[in-house]
Amino acid sequence: MNKLKSIYLSLLIVPLLGACSNKDEFIKVEDQFSLNPTTDVAKKLVSGTNLFVHIKKDTSYTVQEGITASEISYISHTGLAKTIFTFEVDLTKPNIGMEVSTPNNSPQYGMQQMTKQATFEDSEGHEVWAGINADFFNTSNGTPQGILYKEGIAIKTSVTDGINTFFAILKNGKAFVGDQDDYENVKGEIQEAVGGRVTLINNGILSTQTNATLEPRTAIGVSQDGSKVYILVVDGRRFHYSNGMAYDELGKCLKAMGAYDAINLDGGGSSTFFVRNTPNFTDDRFEIRNWPSDNGGMERAVANGILIIKK
């Protein structure tokens, strides 16, 4: 009986040991896919980060000379679906500029959809060709959290707290990203500016992040010389389509794209990425390319935004 009992126990133990020895042979996310980036942005993101294991969609198009858009859907290193939208803006092109938009093109606080804000700036010789949402805001009255400058006029110079940052176009035409110490140094040179929050990249170095929450995001960065602007919008809150990004992922992507300094703008249901689809001034000339999460893909009213202009 003891011999039979020993044999029985050994039959139970051997499969269990085998199962434990195979723990390193489980299929990893990266083993299921292969990477084949085709656009310049996707190639930079794949080579410059460890975030991508499979690209499902990878397209790029010229909005206007000096304005390049990319749309990429991929599987992340954690196995999650992600969909991102980017602009690269070359401010060395003499007819390309960036400006701040507000509801009804007014110096007053309020809330309005970005494609509506764009119509109040759009005119012959001053055509809006693309844009994004910008600062966080009070959802009751539209007061932005950070600074706000428009056409060289300071509409708001106060901030909510020490985390507030800003994106600006200076009077020399260069783009600038900074914190409140930087603001004291450049405030006299600001032509256009909107507030932001978390710093993602500072002087070419990724900022340490403690919040790993995945959310829809809008973020912006600039090259070291201020001649190029990099914009990244990430959709989220829709599992099989896109799950959003954490701050550290945003920073890694913007750095790979070429940003030397970068900040996070308002995200969640505010994240908006649109382009102009015709040179004509038709009512439907502005097209939302991303999927704003709060209204089932419909853009929501926001306090302000950043427009890319062809002069």
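For the structure, check the block above.
Calculation criteria
- Residues numbered from 1 in each chain as written.
- Predicted model: local features only at pLDDT ≥ 70, side-chain atom pairs only at ≥ 80, totals over all residues.
- Heavy atoms only, no water.
- Helix = DSSP H or I, 4+ residues; strand = E, 2+ residues; numbered from the N terminus.
- Polar contact = N/O pair within 3.5 Å; in protein donor to acceptor, adjacent residues only side chain to side chain.
- Contact = heavy atoms within 4.5 Å.
- Pairing = 2+ DSSP bridges.
- Axes fitted to C-alpha atoms, helices over the stretch in contact; angles between N-to-C directions.
- Buried < 20%, exposed > 50% of the residue type's maximum accessible area, 1.4 Å probe, protein only.
- Phe/Tyr/Trp six-rings, centres within 6.5 Å; stacked < 30°, edge-to-face > 60°.
- Arc of directions from axis to C-beta.
- Salt bridge = Lys/Arg side-chain N within 4 Å of Asp/Glu carboxyl O.

A.B. asks: It is not clear to me how the side chain of Ser101 should be interpreted in this structure. Could you clarify?
C.D. replies: The topology assignment puts Ser101 in strand β4 (residues 96-101). One polar contact links Ser101 to Gln117, side chain to side chain, over a distance of 2.7 Å. Discounting chain neighbours no more than four positions away, the residues touching Ser101 are Met114, Gln117, Glu121, Lys150, Ala303, Asn304, Gly305, Ile306 and Leu307.

A.B. asks: Looking at this model, I keep getting lost on unusual backbone geometry. Mind explaining?
C.D. replies: Working note: non-glycine residues mostly have negative phi, and peptide bonds are mostly trans. At Asn105, a position not held by glycine, the phi torsion is positive, near 55°. Its place among the elements puts Asn105 in the loop between β4 and α3 (114-119).

A.B. asks: In this structure, what is going on with the sheet that holds strand β7 (residues 153-156)? I would like to understand it.
C.D. replies: Each strand in a sheet pairs with another by means of backbone hydrogen bonds, the pair being arranged parallel or else antiparallel. Judged by pairing direction, the sheet is antiparallel, and its five strands sit side by side in the order β7-β6-β10-β8-β9 without closing on themselves. Looking along the sheet, the strands with just one partner apiece sit at the ends: β7 and β9 (175-178). Strand-to-strand twist across the sheet, computed as the mean angle between neighbouring axes with direction ignored, equals 25°. Two elements, strand β6 (residues 148-150) and strand β10 (residues 190-196), share two bridges in a ladder whose sense is antiparallel. By the bridge assignment for β10, Tyr149 is matched with Ala193.

A.B. asks: Any chance you could explain the pairing of strand β18 (residues 305-310) here in plain terms?
C.D. replies: If a strand is regular, its side chains alternate between the two faces of the sheet. Judged by how many residues are buried, β18 sits mostly within the fold: five of six residues are covered. Of the pairings in the sheet, the one linking β4 to β18 comprises six bridges and is antiparallel in character. By the bridge assignment for β18, Ile96 is matched with Lys310. In terms of strand pairing, strand β5 (residues 127-133) meets β18 through six bridges, oriented antiparallel. Its bridge partner lying in β18, Val128 is registered against Ile309.

A.B. asks: In this structure, what is going on with the packing of aromatic side chains? I would like to understand it.
C.D. replies: Within this structure, the stated rule accounts for eight aromatic pairs. Between Phe166 and Phe176, the aromatic rings sit 5.9 Å apart at their centres with planes inclined by 25°, giving stacked as the arrangement. Of this pair, Phe166 sits in strand β8 (residues 165-170) while Phe176 sits in strand β9, and the two are 10 residues apart along the sequence. Between Phe166 and Tyr183, the aromatic rings sit 5.9 Å apart at their centres with planes inclined by 75°, giving edge-to-face as the arrangement.

A.B. asks: Teacher, can you tell me more about helix α2 (residues 40-48) here?
C.D. replies: For an α-helix, 3.6 residues make a turn, and residues three or four places apart therefore share a direction. Every buried residue of α2 is accounted for by Val41, Ala42 and Leu45. Projection of α2 onto a plane perpendicular to its axis shows the buried side chains occupying an angular sector of 95°, all on one side. Opposite the packed face of α2, turned more than 90 degrees from it, sit the exposed residues Asp40 and Ser47. Looking at the packing, one finds that the buried side of α2 touches β1 (52-64), β2 (67-76), β3 (81-90) and α5 (247-257).

A.B. asks: Would you explain the pattern of salt bridges in this entry?
C.D. replies: Pairing is possible between side chains of opposite charge, provided their charged atoms come close. Here the structure, examined in full by the defined rule, presents 14 salt bridges. A salt bridge links Glu249 to Lys82; its shortest N-O distance comes to 3.2 Å. Pair noted here: Glu249 is in helix α5 and Lys82 is in strand β3, with a separation of 167 residues, a long-range link. The same class applies to Glu249 and to Lys82, which are both buried. Of the charged contacts, one joins Arg300 and Asp294 as a salt bridge, the two residues approaching to 2.6 Å between their closest N and O atoms. With relative accessibility at 40%, the residue Asp294 sits in the partly exposed group. Connected through salt bridges with shared partners, the residues Lys57, Glu71, Glu287 and Arg289 form a single ionic network.

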